[in-house]
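Fold and contact review
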Number of protein chains: 2
Amino acid sequence: MFQIDALSRVPVYEQLVDQMEKLVLSGLLKAGDPMPSVRSLSLDLLINPNTIQKAYSELDRRGILMSVPGKGCFVAETATEVIRKKIRDKSSDLIELVKDMKLAGAELEELLALVRSAYEGNKEVCER
Amino acid sequence: MFQIDALSRVPVYEQLVDQMEKLVLSGLLKAGDPMPSVRSLSLDLLINPNTIQKAYSELDRRGILMSVPGKGCFVAETATEVIRKKIRDKSSDLIELVKDMKLAGAELEELLALVRSAYEGNKEVCER
DNA sequence: CCAACTGTACTAAGCATCATAGTACAGATG
DNA sequence: CATCTGTACTATGATGCTTAGTACAGTTGG
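The rules behind these values
Counting restarts for each chain, with residues numbered from 1 along the sequence as it is written. Here every chain gets a letter starting at A, and every ligand a number starting at 1, in the order they are written. Local features in a predicted model are, by the rule used here, given only for residues with pLDDT of at least 70; side-chain atom pairs are given and counted only at 80 or more, and totals for whole chains, interfaces and linings are based on all residues. Only hydrogens and water are set aside when side-chain values are computed; all heavy atoms of the structure are taken into account. Each domain's extent is set by a domain assignment, obtained either automatically or from a database. Superposing the copies works by least squares over the C-alpha atoms of residues that have pLDDT at least 70 in both of them. Contact definition: two residues touch when any of their heavy atoms are within 4.5 Å. Burial here depends on accessible area, computed with a 1.4 Å probe over protein chains only, as a share of the maximum for the residue type. Under 20% is buried, over 50% is exposed, and the range in between is partly exposed. Counting from the N terminus, the helices are the DSSP runs of H or I reaching at least four residues and the strands are the DSSP runs of E reaching at least two. When DSSP locates at least two bridges between a pair of strands, those strands are taken to pair. One heavy atom suffices: a residue is near a molecule or strand as soon as one of its heavy atoms comes within 4 Å of it. In protein, a polar contact means a hydrogen-donor-capable atom and an acceptor-capable atom, both N or O and within 3.5 Å, with residues adjacent in sequence counting only if both atoms are side-chain atoms; elsewhere, any N or O pair within 3.5 Å suffices.

Per the domain assignment, the segments of chain A are domain 1 (12–84) and domain 2 (90–126). Each of domain 1 of chain A and domain 2 of chain A was reduced to a C-alpha centroid, and the two centroids are 31 Å apart.

Looking now at the relation of the copies chain A and chain B. Superposition of chain A onto chain B requires a rotation of 179° combined with a translation of 0.0 Å along the rotation axis, giving an RMSD of 0.1 Å. The symmetry that links the two subunits is that of a two-fold axis. For chain A, the minimum C-alpha distance to the rotation axis belongs to Leu112 of chain A and amounts to 3.1 Å. Most of the interface of chain A is mirrored in chain B, where 100% of its interface residues again form contacts.

Residues and elements named next belong to chain A. Residues Cys73 and Val75 of strand E2 (residues 72–75) are buried on one face, while the alternating residues Gly72 and Phe74, pointing to the opposite face, are not. The sheet contact formed by strand E1 (residues 65–68) and E2 spans four bridges and is antiparallel. What sits directly across from Met66, in E2, is Phe74. Connecting E1 to the antiparallel partner E2 that follows it, the hairpin turn spans three residues, and Gly70 within it adopts a positive phi of roughly 90°.

With that out of the way, let us pick up the protein's contact with DNA strand C. Taken together, 24 residues sit near DNA strand C, with Ser37 and Ser67 of chain A together with Val12, Asn48 and Asn50 of chain B positioned nearest. Across the atoms of DNA strand C situated within 4 Å of the protein, the share located in sugar and phosphate is 60%. The contact in question runs from a base nitrogen of DNA strand C to an N or O atom on the side chain of Asn50 of chain B, over 2.8 Å. For the surface near DNA strand C, the secondary-structure elements that each account for two or more residues are helix H2 (38–45), helix H3 (49–62), E1 and E2 of chain A together with helix H1 (12–25) and helix H3 (49–62) of chain B. The element contributing the most residues to the surface near DNA strand C is H3 of chain B, with three residues.

Quick look at the structure:
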């Protein structure tokens, strides 16, 4: 369910949060769905329970997850809404990136084509 | 010449490297140009000399800067070439971003317009 | 009821990175 | 020769990430 890259400079708990958001946006997780318990996910990923807890509490704080003591954690009703708002605010990141690549010599048409193929999911252009 | 954001999560020496790259790409710094000495820039920015040195040695390692013991540091001949290569490799970042924003509900036309205005330098659309 | 699960809280330790402080040495220069 | 230059080194403090271990309260199925 989750893929952790131990070599990444991104903290493990942050990787969990990011992947959780994508699972919700892609529809694999819906409001009300139960999440693995802190301890079971800990055993599954070979990660300390405290680290899982840190990710879960962060997701709870953002309104993406509902923690119910004694019962478990569930995808919150507001999850999709919250995540969409956050990600759409990334337009400033996109602007930054485009400006950098323009400075580096990228042509406008080149960038537009890149966006189109990424949006359409063109496998031949996507890297990695 | 350099603007350091002490509150940023990005390390100071990394901010220096990033800004140095942009100064070269924008043409404000050209091959052979002298850089401020480690100590003078340290006094100017109120940053420890070791931190400046860390940025300079990283820029030297990348082929963006030439360090000459006893004389000073100068913009390397390969600077522009090296930086352009690096930044143009950011196309995978752009692809990631577009995919995320698509999942979040952004329309293709919306993204294309964003790229165009960022490329043209439209002040009314650029944020911050 | 109770054993086994759930989330949660807490302390302690190890580790890495960043930044600072201070000292030192060799090369270049006017 | 004084003063600049880059460079190297040790030591220290602060912060963040992760692990380890313990503990407590709520929930649930047998």
